[in-house]
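Structural overview
In case you want the letters, here they are:
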Amino acid sequence: MTTTTTYIAFLRAVNVGGRTVKMERLRALFAELGLENVRSYIQSGNVFFTTAEPDRAALARRIEEHLEEALGYPVPVLLRTVDEVAELLAAEPFRGVEVTPDVRLVVAFLSEPLPADFTFPHRSPKGDVEVLGADPGAAYVVIHLQDGKWVTKDMFGKAYRGAVTSRFLHTTEKILAAARKA
């Protein structure tokens, strides 16, 4: 009996900086790889699908290669199962953080864990980014807007070499809800 897994592909740099792709096209690209039940949520590169592929790293590489070939630019792919995202949210990583008009809660999905010597909480030199904690697949970041803007884009400093794609907490909750729908 073959076991299938439902993944959420969090794509980096889709529909930003002039790199546009319609979600219909993106879903078709995933389907071309033999992935099943392909769906997407909003225009920022969130794709759900099922597969029997047991090797997540190989699957992510295969998707990345196919997207780069089809779109003409690299698209880092961070795969998480529906259960992993549910567990992440159930842990309430932002418990106790006071949300104000100048605060944004961000889940930063990571391609590899942060360096072992990365300390928490970690605050950017400008004070606008505060990394509260992390697990191997995600970091939990509080953005303190300055004059209404997110100033520091490099959340982890130069020591982190992996790929990162971020979603606001409320968006991550909506992505999970959409992924759970049949």
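Described in the following lines is the structure provided in the data block. (Residues numbered from 1 in each chain as written. Predicted model: local features only at pLDDT ≥ 70, side-chain atom pairs only at ≥ 80, totals over all residues. Heavy atoms only, no water.)

The contact between helix α3 (residues 82-90) and helix α4 (residues 169-180) brings their axes to 10 Å, and the two run at 140 degrees. In terms of axis orientation, α3 runs oblique to α4. Classified by chirality, the crossing of α4 by α3 is left-handed. On α4, the residues that touch V82, V85, A86 and L89 of α3 are L169, T172, E173, L176, A179 and R180. (Axes fitted to C-alpha atoms, helices over the stretch in contact; angles between N-to-C directions. Helix = DSSP H or I, 4+ residues; strand = E, 2+ residues; numbered from the N terminus. Parallel < 35°, antiparallel > 145°, perpendicular 65-115°, else oblique. Left-handed = near helix turned anticlockwise from the far one by under 90°. Contact = heavy atoms within 4.5 Å.)

Turning our attention to the pattern of salt bridges. Here the structure, examined in full by the defined rule, presents five salt bridges. Residue E32 pairs with R25 through a salt bridge whose shortest N-O separation is 3.9 Å. For R25, a relative accessible area of 38% corresponds to the partly exposed category. Here K158 ties to D154 by a salt bridge, and the two come within 3.9 Å at their closest N and O atoms. Take K158: its relative accessible area is 65%, and that puts it in the exposed class. The class for D154 is partly exposed, based on a relative accessible area of 36%. (Salt bridge = Lys/Arg side-chain N within 4 Å of Asp/Glu carboxyl O. Buried < 20%, exposed > 50% of the residue type's maximum accessible area, 1.4 Å probe, protein only.)

Pairing within the open sheet is antiparallel, and its five strands lie in the order β6-β7-β8-β5-β9. Unpaired on one side and paired on the other, β6 (122-123) and β9 (164-168) mark the two borders of the sheet. Running over the sheet, α4 touches β5 (103-110) and β9 and is turned about 90 degrees from β9. (Pairing = 2+ DSSP bridges.)

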